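Here is how the chains run, residue by residue.
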Amino acid sequence: MNDFEDEIRRTLRSGASSPIDADDFLQGVHRGVRRRRARRTVAVAAAAVTLVATGGVVVNQVGVFDTKGDHVDSATQPEPTSSTQRTNANTLAGIDIGFSPLSLTATGTMHQWVLGTTGCPSPDCLFIKKTTDGGSSWSDEQVPPAPVGTGNTTAKTVTQLRAQGHGGPNQWAYGGALWSTHDGGITWKRPSLPSPGQVVALEAWGSDVYAGVKVSDNAYYVASSPTGRDDWQRVKTGTTFTSINSIGVSVNGPAIAGADANYGAAIATRTADGSWQRSSGCRGGLSAKLSAAPDSLWMLCRTGSLAQAYVSTDQGIAFRPAPGQFGWDAEIAARTQNSGVIAGPGAGGVRTLHANAKPMRIRIAGLRFNQSFVFAGFTNLETGYLISIDGGLFKTADGGKTWTRIRLPH
């Protein structure tokens, strides 16, 4: 770049009255390049930490579907650092790239939380943005003193957030580590798990919260706790999971998707009497991941590098295939038993998902056709969100027909 920089300097200095200082101008260019590189590095790393041993991406739910408004559901900490102090520290360190979303969760139409970073792995770079008016305004909420996962998930890192209850008193930050709060983020602590491991998936349903825990590359288990306190116990699902890719929650209960040591792709669902049943969903599949709507479960079944979409309306007892083949790295978002959205480079960008019709591509301003995503989910029948790998946050208010980019303050 030196020859190009010399040419810029000669051009800017050719007029003595030039108001632009050449060196200052070039330093600004370099700062902009560094910011763009940092943002992409963080986004790529955030997506990478959701990969599990089978090569699957953890499907991100936004919480229980809201059909009538907000839901009403029956350790020593380091001193939290204020958001202002963190912002100043990041800026002085030259790493502040603005707020880059990683995960979104909701407890209703009005209450949503976005977990994000400003471009470095330390706890000072982690932020939670909260809205109580459907996105008209956003405020900062206290975060756990945990580092952001940047390429390597560890027992200390977090990349995901889930909330439960009216106003979100119960929240869990995870992505290797597990942190919980039961007072709306005022205090956070690290609960004890039945066996040490990394939390790769988590969802709350009713009075319980479920987590998928990775013990080793081919050994995973399911744990559960009451939502209002930390009392984690192993759950006997009847499935020997060699991977857990996602947990979905519908009105009928929780469902865990991944791979079984003996059956390949597997879905374990909790029935009304509290017992668990296992369904392969797609015979011959290598692994599965899912997203839940109020009346259905949508599944992606992996066969090689591609995946087939399936839908179940009986809590996973039976699945039927839906038209279209997709990349296994795509994000799937259930909406109804007949529709949803799928997003990812292997999915052909963002496309509608239909139970009985071919998927149709959705054109979204500001999104590349081959864009990768780290998040897709609906909070109700009309409202949904996407997070692209480069930190773009997009919202639909018409069931996925049109999408608008949202820029959160920082």
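Conventions used here
In this numbering scheme, every chain counts its residues from 1 along its sequence in written order. Confidence filtering applies because this is a predicted model: local features only for residues at pLDDT of at least 70, side-chain atom pairs given and counted only at 80 or more, and all residues used for totals across whole chains, interfaces and linings. Neither water nor hydrogens contribute to the side-chain values; these are computed over all heavy atoms in the structure. Helix and strand assignments come from DSSP, with helices taken as H or I runs of at least 4 residues and strands as E runs of at least 2, each series counted from the N terminus. Categorising residues by exposure relies on relative accessible area from a 1.4 Å probe, with only protein chains included: less than 20% of the type maximum marks a residue as buried, more than 50% marks it as exposed, and the intermediate range marks it as partly exposed. Computed with the Shrake-Rupley method and a 1.4 Å probe, the accessible areas treat only the protein chains shown as cover for residues. Here, a disulfide means two cysteine sulfur atoms that sit within 2.5 Å of each other. At least two DSSP bridges between two strands are required for those strands to pair. Throughout, an axis means a line fitted to C-alpha atoms (over the contacting stretch in the case of helices), and angles, computed between N-to-C directions, take values from 0 to 180 degrees. For this analysis, a polar contact is any N or O atom pair within 3.5 Å, provided that within protein one partner can donate a hydrogen and the other can accept it, and provided that sequence-adjacent residues contribute only side-chain to side-chain pairs. For every residue, the pLDDT score states the predictor's confidence, bounded by 0 at the bottom and 100 at the top. We call two residues in contact when some of their heavy atoms are within 4.5 Å. In this analysis, rings of Phe, Tyr and Trp, with Trp reduced to its six-membered ring, are considered paired at centre separations within 6.5 Å, and the interplanar angle assigns stacked below 30 degrees, edge-to-face beyond 60, and tilted for intermediate values. Only when the NZ of Lys or the CZ of Arg is both within 6 Å of the ring centre and within 35 degrees of the ring normal is a charge said to sit over the ring. By convention in these notes, a salt bridge is any Lys or Arg side-chain nitrogen within 4 Å of a carboxyl oxygen on Asp or Glu.

Caption draft 1: Local environment of the overall build of the chain. From N to C terminus, the chain includes 3 helices and 27 strands. Residue burial in the chain is summarised as follows: out of 410 residues, 54% are buried. When the accessible surface of the chain is split by element, carbon and sulfur atoms take 51% of a total near 17200 Å².

Caption draft 2: Looking closely at the state of the cysteines. Applying the stated criterion across every chain, the model contains 1 disulfide. The side chain of Cys282 participates in a disulfide bridge whose partner is Cys301; the two sulfur atoms lie 1.7 Å from each other. Disulfide Cys282 to Cys301: torsion about the S-S bond roughly 90°, handedness right-handed. Separated by 19 residues along the polypeptide, Cys282 in the loop between strand E15 (276-279) and strand E16 (287-293) and Cys301 in strand E17 (residues 296-303) bring together distant segments of the chain. Exposure class is identical for Cys282 and Cys301. Each is buried.

Caption draft 3: Region of the structure containing the sheet that holds strand E3 (residues 126-131). Taken in spatial order, the 4 strands make up an open sheet running E1-E2-E3-E4, and their pairing is antiparallel. Strands with a single pairing partner mark the edges of an open sheet, and in this sheet they are strand E1 (100-106) and strand E4 (139-141). Going across the sheet, the axis of each strand differs from the next one's by a mean of 30°, ignoring polarity. As paired strands, E1 and strand E2 (residues 112-117) are joined by 6 bridges and run antiparallel to one another. Of the residues in E2, the one forming a bridge with Ser103 is Leu115.

Caption draft 4: Spatial organisation of the pairing of strand E18 (residues 306-312). Counting buried positions along E18 gives 6 out of 7 residues, so the element sits mostly inside the fold. By the bridge criterion, 7 bridges tie E17 to E18 in an arrangement that is antiparallel. When the sheet's bridge partners are listed, Thr303 is paired in E18 with Leu306. Counting the residues that bridge the hairpin from E17 to E18 gives 2 residues, and of these Gly304 lies at a positive phi of roughly 70°.

Caption draft 5: Spotlight on the environment of Thr271. Of note, Thr271 is situated in the loop between strand E14 (264-270) and E15. Separated by 45 residues in sequence, Thr271 and Gly316 have C-alpha atoms that sit 9.9 Å apart. At 2.5 Å, the side chain of Thr271 forms a polar contact with the side chain of Asp273.

Caption draft 6: Region of the structure containing the pairing of strand E26 (residues 393-396). Sheet analysis places strand E25 (residues 384-388) next to E26, joined by 4 bridges and oriented antiparallel. Note on E26: the bridge partner recorded for Leu386 is Phe394. What sits between E25 and E26 in their antiparallel hairpin is a turn of 4 residues, with Gly391 showing a positive phi close to 90°. In terms of strand pairing, E26 meets strand E27 (residues 404-406) through 3 bridges, oriented antiparallel. Counterpart to Leu393 in the pairing with E27 is Ile406.

Caption draft 7: Seen up close, the confidence of the model for the chain. Chain-level statistics for the chain give a pLDDT mean of 79 and a share of 75% at 70 or above. Here residues 1-61 is a poorly scored stretch, pLDDT under 50, and it has 98 contacts once near neighbours within four places are set aside; other chains count. Throughout residues 67-96 the model reports pLDDT below 50, and contacts reaching past four residues in sequence, or to other chains, amount to 55 contacts.

Caption draft 8: Structural detail: the packing of aromatic side chains. Summed over all chains, the structure comprises 2 aromatic pairs. Positioned above the aromatic ring of Tyr221 is the side chain of Arg234, whose terminal nitrogen or guanidinium carbon lies 3.9 Å from the ring centre. One cation-aromatic arrangement involves Lys289 over Trp328; the distance from NZ or CZ to the ring centre is 4.4 Å.

Caption draft 9: Examining the pattern of salt bridges more closely. Considering all chains together, one arrives at 6 salt bridges under this definition. We note a salt bridge from Asp140 to Lys129, for which the minimum N-O separation is 2.9 Å. Separated by 11 residues along the polypeptide, Asp140 in strand E4 and Lys129 in strand E3 bring together distant segments of the chain. The salt bridge partner of Asp230 is Lys189, with a shortest N-O separation of 3.7 Å. You can see Asp230 sitting in the loop between strand E10 (219-226) and strand E11 (233-234) and its partner Lys189 sitting in the loop between strand E7 (178-181) and strand E8 (198-205), a full 41 residues away along the chain. Taking relative accessible area as the criterion, Asp230 reaches 22% and is therefore assigned partly exposed.

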